[in-house]
Amino acid sequence: MARTNPLLVVVEATGEATTLFFGKLFGALGRMLATLGDLFGLVFQILWLFRFTFTKRGWLLARTQMMDLGVASLPLVFITALFIGMVAAVSAKYQFQNFVPLRYLGTAVTQMVFLELGPVLTALVMSGRIGSSIAAQIGTMKEKEEVDAYRVLDLDPLRYLAAPRVLAGIVMLPTLTMIACSLALIGSWAVAVGGLGVTSYTMVSGMRLFFRSYILLVCLVKGTVFGGLISILGYYHGIKSAGGARGVGEATMKSVVSSSVMILMFDFLITFLMLF
Amino acid sequence: MPGVSIPQDAYAVELRNLRKSFKTSNGVQDVLRGVDLDIRRGETMVILGGSGGGKSVILKHMIGLLRPDAGEVIVDGEVIATPEKFDYSTIRRKMGMLFQMGALFDSMSVGENIAFALKEHHPDIPALSVEEKVATLLGMINLNPAFATKMPSELSGGMKKRVSLARTLALDPEIILYDEPTTGLDPITSDVINDLILETQSKFHVTSVVVTHDMASAFKVADRIAMLYQGHIIFVGTPDETRETTNPFVQQFIRGERRLDPERLAAT
């Protein structure tokens, strides 16, 4: 038997692993680009279908989704937002050490919450809640031929299934984000006053210092875009699902993974365009 | 219906050399390999065939849920689908389909299921006449009007299929496609569905296409029976002709035998 050089084995294995890694990476990138192409068309079709929301029956469908996806998410947003604010206050205090005066604590927390933490973390939590629920629901409807039933009755699934959900995402996520940011500020105030030795006056005046309404706009734009991303990706993966329970599970997973990645990518894009 | 004369030249649906294949995990599977079938206006055509043989695929081509790889689908004399052309907008509302498991909208009550498409397509229709229509249709499928407020999850399999039929009839279709209407039902419930198919036929003078592997159902409702075997239509005939045919594959299917009769095979 030929002796194999152990070094060679290691090099070969590393080479294989690298090839596999880049193969997977580029495969994933390729799939993502294809998805983006599909989605681009879908976005415009759905935007055009929003016109039906102004009819009585169209509004009813959208309102149901707004209740299910938005209003029902309030308890979750409530809890996560409070903790986001509390963590923001503590970590800002830690980073200040003794170099930055504590009267800037409120300022730092406010900027952090409205520009980044509020919209991004709310969106990530909501992609787990509403993105997955949309994907599972649409996937199951497809599995049970309900989507075909819409087509056969000459009802466009995009109009009756996608548009109300996407509208709910676009309207409700910025709303929830605003609520989350306000609650986060309350959370940070409570921790600062209760545990960090900052007076209420110092904290509140810090929050008001350098406050520009422009950061609210950034926050709202992020919320709106993220809401659209989550709901469209949920619908897209749901309608593409195939193969029974496994397919629905996969669609749910894909919707959460892809919307999380997209949220972070678009977060950078929006931050860059609006703040740079 | 037997005894009703059908003009020979009036076809509701014509399939010409229809081909369709699907990608599977182990290659490409040719499901339809050139299906030719004419369905006359007003008749009930039953398409027989084994499970997974592509019967439902034929129905889905007729109503535009699938696009053919080759061949043509012609409805009311109009070419609706070819590999290049795919336009069901003109005929969609003429056709209705009853899905295998009913495919009722889970989030809506029975009444809303029946009325939904009607209200969407005719937004100005008064609520009272919608209610009347729902009640009439529930009566037609022998369900108590109180069922209108029930949710699909509270219904049995047979009831779901009946409600699905009512939902289809709400749009007054001219052609109704039934995808395995009796599969998964006990013999008595199956017969209720068979009677409903016949009743629908006689009341609304629709053209029906029924896909099934239930022989009792086939012989009861069919004006003509077509047999799909390995992607081709190998036999078309009346129920009597079907019983008497010497075609070994048809006989095998009617008798439910695992093996082909070698004598019959030799005779063809």
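Residues numbered from 1 in each chain as written. Chains lettered and ligands numbered in written order. Predicted model: local features only at pLDDT ≥ 70, side-chain atom pairs only at ≥ 80, totals over all residues. Heavy atoms only, no water.

Q: Any chance you could break down the overall build of chain A for me, citing the residues and the numbers?
A: Helix and strand counts for chain A stand at nine helices and zero strands. For chain A, the N- to C-terminal ordering of α and β elements is α-α-α-α-α-α-α-α-α. Considered along the principal axes of its C-alpha atoms, chain A spans approximately 75 × 65 × 30 Å. Buried positions account for 43% of the 276 residues belonging to chain A. For chain A, long-range pairs separated by at least 24 residues make up 83% of all intrachain contacts whose partners lie at least 6 apart in sequence. As displayed, chain A has an accessible area near 14,500 Å², and 72% of this comes from carbon and sulfur atoms. (Helix = DSSP H or I, 4+ residues; strand = E, 2+ residues; numbered from the N terminus. Buried < 20%, exposed > 50% of the residue type's maximum accessible area, 1.4 Å probe, protein only. Contact = heavy atoms within 4.5 Å. Areas by Shrake-Rupley, 256 points an atom, 1.4 Å probe, with all protein chains shown as cover.)

Q: Lay out the side chain of Ser259(A) in plain terms, naming residues and giving numbers.
A: Inspection of the secondary structure puts Ser259(A) in helix α9 (residues 244-275). Apart from residues no more than four positions distant in its own chain, Ser259(A) is found in contact with Ser127(A), Ile230(A), Leu233(A) and Lys254(A).

Q: Got a sec to walk through the sheet that holds strand β4 (residues 70-75) of chain B? Specific residues and values, please.
A: What holds strands together in a sheet is hydrogen bonding between their backbones, with the strands either parallel or antiparallel. Residue and element names in this part refer to chain B. Here four strands make up an open sheet; going across it, the order is β2-β1-β4-β5 and the pairing antiparallel. Sheet topology places β2 (27-40) and β5 (78-81) at the edges, where each strand pairs with a single neighbour. The sheet shows a mean angle of 30 degrees between the axes of neighbouring strands, taken without regard to direction. Contacts between helix α1 (residues 55-62) and the sheet are confined to β1 (11-24), β2 and β4, with β1 contributing the most and set at about 120 degrees to the helix. (Pairing = 2+ DSSP bridges. Axes fitted to C-alpha atoms, helices over the stretch in contact; angles between N-to-C directions.)

Q: Please give an account of helix α6 (residues 157-195) of chain A that cites residues and values.
A: All names here are of chain A. For α6, with 39 residues, the first-to-last C-alpha span of 53 Å sits near the 57 Å given by 1.5 Å per residue. At Ala163, α6 is deflected by roughly 35 degrees, the largest bend along its length, and proline Pro164 occurs up to four residues later in sequence. The backbone nitrogen of Leu158 has a side-chain oxygen 3.0 Å away, supplied by the residue at the start of α6, namely Asp156. Just downstream of α6, Gly197 is the residue with a positive phi angle, here 75 degrees. (Expected span 1.5 Å × (residues − 1). Bend = angle between axes of the 7 residues up to and from the residue. Polar contact = N/O pair within 3.5 Å; in protein donor to acceptor, adjacent residues only side chain to side chain.)

Q: Mind laying out the packing of helix α1 (residues 6-49) of chain A against α6(A), listing which residues take part and the relevant values?
A: Residues and elements named next belong to chain A. Where α1 contacts α6, the two axes come as close as 9 Å, and the packing angle between them is 90 degrees. The angle between α1 and α6 places the two elements in the roughly perpendicular class. Of the residues in α6, those touching α1 at Leu42, Gln45, Ile46 and Leu49 are Leu158, Arg159, Ala162, Ala163 and Val166. Residue composition of the contact of α1 with α6, grouped by class: seven nonpolar, one polar and one charged. (Parallel < 35°, antiparallel > 145°, perpendicular 65-115°, else oblique. Nonpolar A, V, L, I, M, F, W, Y, C, P; charged D, E, K, R; others polar.)

Q: Describe the pairing of β5(B), and please don't skip the residues or the numbers.
A: Residue and element names in this part refer to chain B. Bridge count for β4 against β5 is three bridges, and the pairing is antiparallel. Residue pairing in the sheet places Val75 in a bridge with Glu78 of β5. Adjacent in sequence and paired antiparallel, β4 and β5 are bridged by two residues, among which Asp76 carries a positive phi angle near 50 degrees.

Q: Describe the packing of helix α8 (residues 214-240) of chain A against α9(A), naming the residues involved and giving the relevant values.
A: All names here are of chain A. Running from N to C, α8 and α9 point in directions that differ by 155 degrees, and their axes come no closer than 9 Å. The angle between the axes of α8 and α9 places the two elements in the roughly antiparallel class. Viewed along their axes, α8 and α9 form a crossing whose handedness is right-handed. Its residues assigned to classes, the contact of α8 with α9 shows 16 nonpolar, seven polar and three charged. (Left-handed = near helix turned anticlockwise from the far one by under 90°.)

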